[in-house]
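# Geometric and topological summary
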Amino acid sequence: MVVVGGGFAGRRAHQLLSPHFDVQLVDAKGYYEYTPANLRCMVQPEHSAFTVAELPRGTVVDAVADVVPGGTRPPA
Ligand SMILES: Cc1cc2nc3c(=O)[nH]c(=O)nc-3n(C[C@H](O)[C@H](O)[C@H](O)COP(=O)(O)OP(=O)(O)OC[C@H]3O[C@@H](n4cnc5c(N)ncnc54)[C@H](O)[C@@H]3O)c2cc1C
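Keep in mind that this is a model prediction, so the values were computed, not measured.

What follows concerns the sheet that holds strand 5 (residues 60-61). If you trace the 3 strands from one edge of the open sheet to the other, you get 1-2-5, paired in parallel fashion. Of all the strands in the sheet, the pair left with one neighbour each is strand 1 (2-4) and strand 5. Here strand 2 (residues 24-27) runs beside strand 5; their pairing, made up of 2 bridges, is parallel. Within strand 5, the residue paired with Val26 across the bridge is Val60. Strands in contact with helix 1 (residues 8-17) are strand 1 and strand 2; relative to strand 1, the strand with the most contacts, it is inclined by about 160°.

With that settled, consider the site of the ligand. Taken together, 17 residues surround the ligand, and among them Gly5, Gly7, Ala9, Thr35 and Pro36 come closest. Going through the elements one at a time, helix 1, strand 2 and helix 2 (38-43) are the ones with two or more residues in the shell around the ligand. Among the elements that make up the shell around the ligand, the one with the highest residue count is helix 1 (3 residues). Across the shell around the ligand, the residue classes break down as 9 nonpolar, 6 polar and 2 charged.

Turning next to the environment of Gln44. Residue position: Gln44 is located in the loop between helix 2 and strand 4 (52-53). Residue class for Gln44 comes out exposed when judged on the 10 C-beta atoms lying within 10 Å of it. With 30 residues separating them along the chain, Gln44 and His14 place their C-alpha atoms 32 Å apart.

Basis of the calculations
- Residues numbered from 1 in each chain as written.
- Predicted model: local features only at pLDDT ≥ 70, side-chain atom pairs only at ≥ 80, totals over all residues.
- Pairing = 2+ DSSP bridges.
- Helix = DSSP H or I, 4+ residues; strand = E, 2+ residues; numbered from the N terminus.
- Contact = placed C-beta atoms within 7 Å.
- Axes fitted to C-alpha atoms, helices over the stretch in contact; angles between N-to-C directions.
- Near = placed C-beta within 6 Å.
- Nonpolar A, V, L, I, M, F, W, Y, C, P; charged D, E, K, R; others polar.
- Buried ≥ 20, exposed ≤ 12 C-beta atoms within 10 Å, placed from the backbone.

Put into structure tokens, the structure is as follows:
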């Protein structure tokens, strides 16, 4: 099973599904970004150091262009 995107939704899906299935998380950025903090970073740039975190171990860093039966296809 592949979960595309390691944001709020993808991380939660990965967390809930992992005990039951072989789940692969894929994210284009390769890090978790706490997006609600972005507004604060606009007025307090030094806060940006605290708005990113590591994705779960084993996350594949890649941009998925399309999802096809049996696998995922990277951008051309
Ligand atoms: C400035 C700002 C402030 C906000 N404040 C609040 C708030 O106060 N309260 C609130 O509830 N919500 C807030 N939100 C909204 C909240 O951030 C989003 O609803 C939430 O991030 C959506 O989660 P998501 O997992 O669906 O998507 P995202 O968090 O956008 O995660 C998507 C992930 O998928 C990855 N991805 C995208 N395309 C691909 C691809 N093709 N291949 C591989 N990976 C891909 C991205 O790298 C990203 O990590 C705010 C948003 C912003 C921008």
